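An overview of the molecular structure
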Amino acid sequence: MKVTSYTYDKSSNWYGESQEGCEDWTLVLVTYGRCVYWIEEKKQVLEKGQWLLIPSSIPFYGRSVPTMLHEKYVVQFDPRAVQAQASFPLFKLSSAMSRITNKYELILDRLRHIHQQWQDKQPYYQTLCEALLTELFVYLHREWDQEAATSATLQLVEQMKGYIQNHYREHVTKKELGACISRSPNYAATLFRKVTGQTISEFVHAARIKTAVYMLRHSALTVTEISDFIGYNDASYFYRVFKRLTGLVPTDLVSDRENVRK
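First, a word on what this report is: a plain description of the structure on this page. (Residues numbered from 1 in each chain as written. Predicted model: local features only at pLDDT ≥ 70, side-chain atom pairs only at ≥ 80, totals over all residues. Heavy atoms only, no water.)

**Description of the nonpolar core**
Core analysis: the biggest nonpolar cluster contains 30 residues, and L27, L53, F77, L111, L133 and F137 have the highest contact counts within it. Listing elements by their share of this core, those giving two or more residues are β1 (2-11), β3 (25-32), β6 (50-54), β8 (70-78), α2 (104-120) and α3 (125-145). Here the element with the most residues in this core is α3; it accounts for eight residues. Once residues within four sequence positions are removed from consideration, F137 is found in contact with M1, L27, L53, F77, F88 and F91. Judged by nonpolar contacts, the second largest core, of 17 residues, contains L156, M160, L177 and A207. (Core = buried A, V, L, I, M, F, W, Y, C linked by side-chain atoms within 4.5 Å. Buried < 20%, exposed > 50% of the residue type's maximum accessible area, 1.4 Å probe, protein only. Helix = DSSP H or I, 4+ residues; strand = E, 2+ residues; numbered from the N terminus. Contact = heavy atoms within 4.5 Å.)

**Describing the sheet that holds strand β9 (residues 97-100)**
If you trace the five strands from one edge of the open sheet to the other, you get β1-β8-β3-β6-β9, paired in antiparallel fashion. A strand with exactly one partner marks an edge of an open sheet, and here the two such strands are β1 and β9. When strand polarity is set aside, the average angle formed by the axes of neighbouring strands in this sheet is 15°. In terms of strand pairing, β6 meets β9 through four bridges, oriented antiparallel. In the strand pairing of β9, W51 is matched with R99. The strands touched by α2 within the sheet are β1, β3 and β8, with β1 carrying the most contacts at an inclination of about 105°. (Pairing = 2+ DSSP bridges. Axes fitted to C-alpha atoms, helices over the stretch in contact; angles between N-to-C directions.)

If you want it as structure tokens, here you go:
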């Protein structure tokens, strides 16, 4: 599918509209706060972790919630460029669709990579952006197909996510998560991957790197100190994981950090 436009919004006074309806499809993922869309005169409030898909030619406009900062990624694309329209049921919709995703970190990771490629514009960046967007929709459709998952099953996954958030600086194993939900280790690992689209290890790394990004920007700690704090005893390994997940190296953020050292 052909990516035609890509934006990252971070604002408390954003406003946008498409009165005649955009020729391309629009995908929105909110990553912080909330914003409001009016689509065919119907109000749609989007919050963190929620995606919105607007088919082509549908008029819409949106704005920030007054005084509230929000962040979101917005991709406009043409699914007709390949056979995606025939392959993916979502592209047969005639009206907008919105859902909260349980694969938030996975979807966000693909959007961040598209954002980086769109900014850098290295050779073949458009091809890579299209491949990443196609992969993103594979995950959204898998989740769409699995919506029959019971609330009890989703609750088990939320319990495991909560455990990881409290222990991500440690070595989290499937045995520990199995004990957390009173299930076997293999069941816990399989269920976690099925619902989130990530392995336990991938989710732990994502939680660690999220903390690292904040500390690199706002703390006075060195890269090695931050590496140790979030659970990486080997700083070189931390560099490799950080580069793989963000496309940057830790020192890129250190050079832009606030002046917190005296």
